[in-house]
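Listed below are the residues making up each chain.
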Amino acid sequence: MSSPDAKLELYDDYASATESMEGQMSVPNVTRNTTNPGAPNFSTLDEPIRDTFLRDVKAVGIKFYHVLIPREKNTLLRDWDLWGPLILCTLMATILQGSADDEHDGGPEFAQVFVIVWIGAMIVTLNSKLLGGNISFFQSVCVLGYCLTPCAAALLVCRIILIAEQTHFLFFLRLLVAGCGFGWATYASIIFLGDSQPINRKALAVYPIFLFYFIISWLVVSHTNV
């Protein structure tokens, strides 16, 4: 039989091992930040789903606003997300896809637009990282995706113009609208991403951004299916 001392030592070892494996499962009592709902300094485990959803929608709306009026740089970079890029990409792919009734339509398919947007954003981001940019991968993809907002707005305007019977004037009007969307998207993305690149390599980082939005804008102006 084992002695009482040995039994006591066995139980002590078990207790110490249990204590070392235990973790604090309770959520710390953190004060909510009501002045800046997008700030990640509070827990969402104990709040209603409605509040979480509305806060995320508000955060996405704020990012759209900052893209249309690109003055404040930290919002898209600090609180990045991919909801806005996903919404814009889905909207543009749905509008740009070719008609299924006309086999000679020539318009891009939904998946082709999706691939162009996401693979293009990834290539631009990879180029930025290889050039020594001090921005994370998902921050760059977030900015490039949200900066599609002017291109998406130009696509909606061109879609409305296509309702009328097309003339040379309306074509140049669509070209002007798409050009404005291209210029604004490029300008906004450079505002957000320009400071993340070394000064002597900014031109090498800007060129792929220019080319990315030029391809998207070309899809917008070449779209003639109503």
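Quick note: structure is the one above.
Worth saying up front: this structure is predicted, and the values here are computed from it rather than measured.

S.K.: How would you summarise the overall build of the protein chain if you had to cite specific residues and measurements?
M.R.: Tallying secondary structure elements over the protein chain gives 9 helices and 0 strands in all. Counting from the amino terminus, the protein chain carries its helices and strands in the arrangement α-α-α-α-α-α-α-α-α. Looking at the protein chain residue by residue over its 226 residues, the buried ones come to 38%. Considering only contacts in the protein chain between residues 6 or more positions apart, those separated by 24 or more positions represent 69%. Of the roughly 14200 Å² that the protein chain leaves accessible, carbon and sulfur atoms contribute 67%.

S.K.: Outline the nonpolar core, supporting the account with residue identities and numerical values.
M.R.: Grouped together as the largest cluster of nonpolar side chains are 42 residues, with contacts concentrated most on Met-92, Leu-144, Cys-147, Leu-148 and Tyr-213. When near neighbours in sequence (up to four residues on either side) are disregarded, Leu-144 contacts Ala-121, Val-124, Thr-125, Ser-189, Leu-193, Ile-209, Phe-212 and Tyr-213.

S.K.: Provide a residue-level description of the pattern of salt bridges, including the pertinent values.
M.R.: Applying the stated criterion across every chain, the model contains 2 salt bridges. One salt bridge connects Asp-51 with Arg-50, and the closest N-O pair in it is separated by 3.9 Å. Its salt-bridge partner being Lys-63, residue Asp-81 comes within 3.0 Å of it at the nearest N-O pair. In this pair, Asp-81 is assigned in the loop between helix H3 (74-78) and helix H4 (83-96) and Lys-63 in helix H2 (residues 49-68), connecting sequence segments 18 residues apart. Here Asp-81 and Lys-63 have matching classes, each one buried.

S.K.: Give me the lowdown on the packing of aromatic side chains, citing residues and values where you can.
M.R.: Tallying each qualifying case throughout the model produces 11 aromatic pairs. Measuring from centroid to centroid gives 5.0 Å for Phe-212 and Tyr-213, while their planes differ by 65°, and the two rings are edge-to-face. Taken individually, Phe-212 and Tyr-213 each receive the classification buried, so the pair is uniform in this respect. Ring-pair connections join several aromatic residues into one group, and the members of that group are Trp-80, Phe-137 and Phe-138.

S.K.: Let's hear about helix H6 (residues 137-146): which residues, and what values?
M.R.: With respect to burial, H6 is a largely interior element, 8 of its 10 residues being buried. Taken together, the buried positions of H6 are occupied by Gln-139, Ser-140, Val-141, Cys-142, Val-143, Leu-144, Gly-145 and Tyr-146.

S.K.: Pulling in residues and values, what's your account of a nonpolar patch on the surface?
M.R.: A cluster of nonpolar side chains, Trp-80, Val-115, Ile-119, Met-122, Ile-123, Phe-137 and Phe-138, forms an exposed patch at the surface whose accessible area comes to about 640 Å². Mapped onto the nonpolar patch, the elements with two or more residues apiece are helix H5 (110-130) and H6. No other element matches the 4 residues that H5 contributes to the nonpolar patch. By relative accessible area, Ile-123 is classed as exposed at 54%.

S.K.: Give a detailed account of H2, specifying residues and quantitative values.
M.R.: Look at H2: 29 Å from first C-alpha to last across 20 residues, which is about the 28 Å you get at 1.5 Å a residue. Taken together, the buried positions of H2 are occupied by Thr-52, Arg-55, Ala-59, Val-60, Lys-63, Phe-64, His-66 and Val-67.

S.K.: For the side chain of Thr-149, give the residues involved together with the corresponding values.
M.R.: Position of Thr-149 relative to the elements: it lies in helix H7 (residues 149-161). What makes Thr-149 buried here is its relative accessible area of 10%. Only 2.6 Å separates the side chain of Thr-149 from the backbone oxygen of Tyr-146, close enough to count as a polar contact. In this structure, Thr-149 is in contact with Phe-64, Val-67, Leu-68 and Leu-88, ignoring residues within four places of it in sequence.

S.K.: Could you give me a rundown of the environment of Leu-148, with the residues and numbers involved?
M.R.: By the element assignment, Leu-148 lies in the loop between H6 and H7. Overall, the relative accessible area of 1% leaves Leu-148 in the buried class. Taking the C-alpha atoms as reference, Leu-148 lies 9.0 Å from Thr-186; in sequence the two are 38 residues apart. Setting aside anything within four residues of it in sequence, one finds Leu-148 in contact with Leu-88, Met-92, Val-117, Phe-212, Tyr-213 and Ile-216.

Analysis parameters
Residues numbered from 1 in each chain as written. Predicted model: local features only at pLDDT ≥ 70, side-chain atom pairs only at ≥ 80, totals over all residues. Heavy atoms only, no water. Helix = DSSP H or I, 4+ residues; strand = E, 2+ residues; numbered from the N terminus. Buried < 20%, exposed > 50% of the residue type's maximum accessible area, 1.4 Å probe, protein only. Contact = heavy atoms within 4.5 Å. Areas by Shrake-Rupley, 256 points an atom, 1.4 Å probe, with all protein chains shown as cover. Core = buried A, V, L, I, M, F, W, Y, C linked by side-chain atoms within 4.5 Å. Salt bridge = Lys/Arg side-chain N within 4 Å of Asp/Glu carboxyl O. Phe/Tyr/Trp six-rings, centres within 6.5 Å; stacked < 30°, edge-to-face > 60°. Patch = residues over 30% accessible without salt bridge, like charges linked within 9 Å, V, L, I, M, F, W, Y side chains within 5 Å. Expected span 1.5 Å × (residues − 1). Polar contact = N/O pair within 3.5 Å; in protein donor to acceptor, adjacent residues only side chain to side chain.

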